Amino acid sequence: MAFDLDQFAETSVPVKYEDLDFDTFGSRPLDAQTLRSLRYMCDVEFHTSCFLRDMLVTPSHREEDAGGFMTMWNREEFWHGEALSMVLARHGIIVDYDEIKAKRVKLGWTGALGPLKQSVLSNLAGTDFVAVHMVWGAANELSAVAAYRQLSAMTDHPALSPLLKRIAQQETRHVAFYTTQARERLLASENAQKIVRMIMSRVWKPVGSGMMDESEVVHVMNHLFAGRATELDKLDTRVQKLPGLEGLTIFRNAFARLGIPA
Ligand SMILES: [Fe+2]
Ligand SMILES: [Fe+2]
């Protein structure tokens, strides 16, 4: 799926939920497991601005397409967080965006590159850095689509399920942006392919790792993906289709590291 920035700009809107009857959460409240996963997703969506902040000090920011997309993408993720926080509020769980913003310290995705800093980051110049950023983003957005669809199907709830499907729909456009960008960058540079392979296989972790407690990461991944090897393989296949990333199994590996049975 190719990505059209103008079309994205024209159609980027807050995820709609005003037409959904949130009063049904009164008669059909969500279970504790689901609420715990939703809380995680809500925090991750709100934390997206960390990702953006990291971006603004990196070479990706100077790229016109990436820069233009990022601003709108960041708003969409914020609106996802807002919609999820409304669902949580119906269950007495209050997520305060400003509080999250104030708390966060060095939590963006480049934080995950920390262990590699000395050996790799110094060589990670310009376009190669952007390639890593785009592939990392693609993996995150792919898992977001899968996670929202899965929770939507699992809960089969008159208000929650359609909301999660709508969010997933917006996430597919994010996938399109990151994969289109990633493909271009990787095609343009064999060096980028090598670096991306190394970083994705050694340090990529599921979205939310490093910002949420490990126990929460394990909960969500177990809740949504335990025993669903086919789903993980599908995600891996999407990444493997990118130039130079054949054979990578970042999802399988990350889940194995977390001890989640496939
Ligand atoms: Fe999102
Ligand atoms: Fe997204």
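For the structure, see preceding data.
First, a word on what this report is: a plain description of the structure on this page. (Residues numbered from 1 in each chain as written. Chains lettered and ligands numbered in written order. Predicted model: local features only at pLDDT ≥ 70, side-chain atom pairs only at ≥ 80, totals over all residues. Heavy atoms only, no water.)

## Topic: the coordination of the iron ion (ligand 1)
- At 2.0 to 2.3 Å from the iron ion (ligand 1) lie its protein donor atoms, namely E45 (OE), E45 (OE), E77 (OE), H80 (ND1) and E171 (OE).
- Sequence spacing of the donors to the iron ion (ligand 1): E-x31-E-x2-H-x90-E.
- Taken as a pair, the iron ion (ligand 1) and the iron ion (ligand 2) show a spacing of 3.7 Å, with E77 coordinating each metal. Here E45 is found in helix α3 (residues 32-56), whereas its partner H80 is found in helix α4 (residues 64-89), with 35 residues between them in sequence.
- Taking relative accessible area as the criterion, H80 reaches 0% and is therefore assigned buried. (Donors = N, O, S within 2.8 Å, 3.2 Å for Na, K, Ca; no water. Helix = DSSP H or I, 4+ residues; strand = E, 2+ residues; numbered from the N terminus. Buried < 20%, exposed > 50% of the residue type's maximum accessible area, 1.4 Å probe, protein only.)

## Looking at the packing of helix α10 (residues 229-240) against helix α11 (residues 250-257)
- Running from N to C, α10 and α11 point in directions that differ by 135 degrees, and their axes come no closer than 7 Å. When the axes of α10 and α11 are compared, the pair comes out oblique. Here α10 contributes A229, L232, D233, L235, D236 and V239 to the contact with α11, which in turn contributes I250, F251, R252 and F255.
- Of the residues belonging to the contact of α10 with α11, the class tally is 7 nonpolar, no polar and 3 charged. (Axes fitted to C-alpha atoms, helices over the stretch in contact; angles between N-to-C directions. Parallel < 35°, antiparallel > 145°, perpendicular 65-115°, else oblique. Contact = heavy atoms within 4.5 Å. Nonpolar A, V, L, I, M, F, W, Y, C, P; charged D, E, K, R; others polar.)

## Digging into α11
- All of the buried residues in α11 are I250, F251, A254 and F255. Looking down the long axis of α11, one finds its buried residues gathered within 125 degrees of arc, a one-sided arrangement.
- One or two residues past the end of α11 sits G259, with phi positive at roughly 75 degrees. (Arc of directions from axis to C-beta.)

## Some remarks on the coordination of the iron ion (ligand 2)
- Distances from the iron ion (ligand 2) to its protein donors, E77 (OE), E141 (OE), E141 (OE), E171 (OE) and H174 (ND1), fall at 1.9 to 2.8 Å.
- The sequence motif formed by the donor residues of the iron ion (ligand 2) is E-x63-E-x29-E-x2-H.

## Considering the packing of aromatic side chains
- What the rule picks out here adds up to 16 aromatic pairs.
- Between the aromatic rings of F3 and F177, the centroid separation amounts to 5.2 Å while the plane-to-plane angle is 75 degrees, which identifies the pairing as edge-to-face. With F3 in the segment before α1 (5-11) and F177 in helix α7 (residues 160-188), this pair connects stretches of sequence that are 174 residues apart.
- Exposure remark for F177: the relative accessible area of 1% places this residue in the buried category.
- Centroid distance F69 to Y178: 5.6 Å. Interplanar angle 90 degrees. Geometry classified as edge-to-face. Within this pair, whereas F69 is found in helix α4, its partner Y178 is found in helix α7, the two being separated by 109 residues in sequence. (Phe/Tyr/Trp six-rings, centres within 6.5 Å; stacked < 30°, edge-to-face > 60°.)

## Re unusual backbone geometry
- With a phi angle near 45 degrees, D156 is a residue other than glycine that sits in the positive phi range.
- Along the chain, D156 falls in the loop between α6 (126-155) and α7.
- Its relative accessible area of 57% is what places D156 among the exposed residues.

## Thoughts on the nonpolar core
- Counting 79 residues, the largest nonpolar core has L38, L84, L163, M200 and M221 as its most contacted members.
- Residues within four places of M221 in sequence aside, it is in contact with Y40, P206, V207, A226, F255, L258 and I260. (Core = buried A, V, L, I, M, F, W, Y, C linked by side-chain atoms within 4.5 Å.)

## Thoughts on the pattern of salt bridges
- For the structure shown, the criterion picks out 8 salt bridges.
- Across the salt bridge formed by E231 and R228, the nearest N and O atoms sit 3.5 Å from each other.
- Look at E231 and you get buried, because its relative accessible area is 17%.
- Assessed through its relative accessible area of 21%, R228 is described here as partly exposed.
- In the salt-bridge network here, residues are joined through shared partners; they are R228, E231 and K234. (Salt bridge = Lys/Arg side-chain N within 4 Å of Asp/Glu carboxyl O.)

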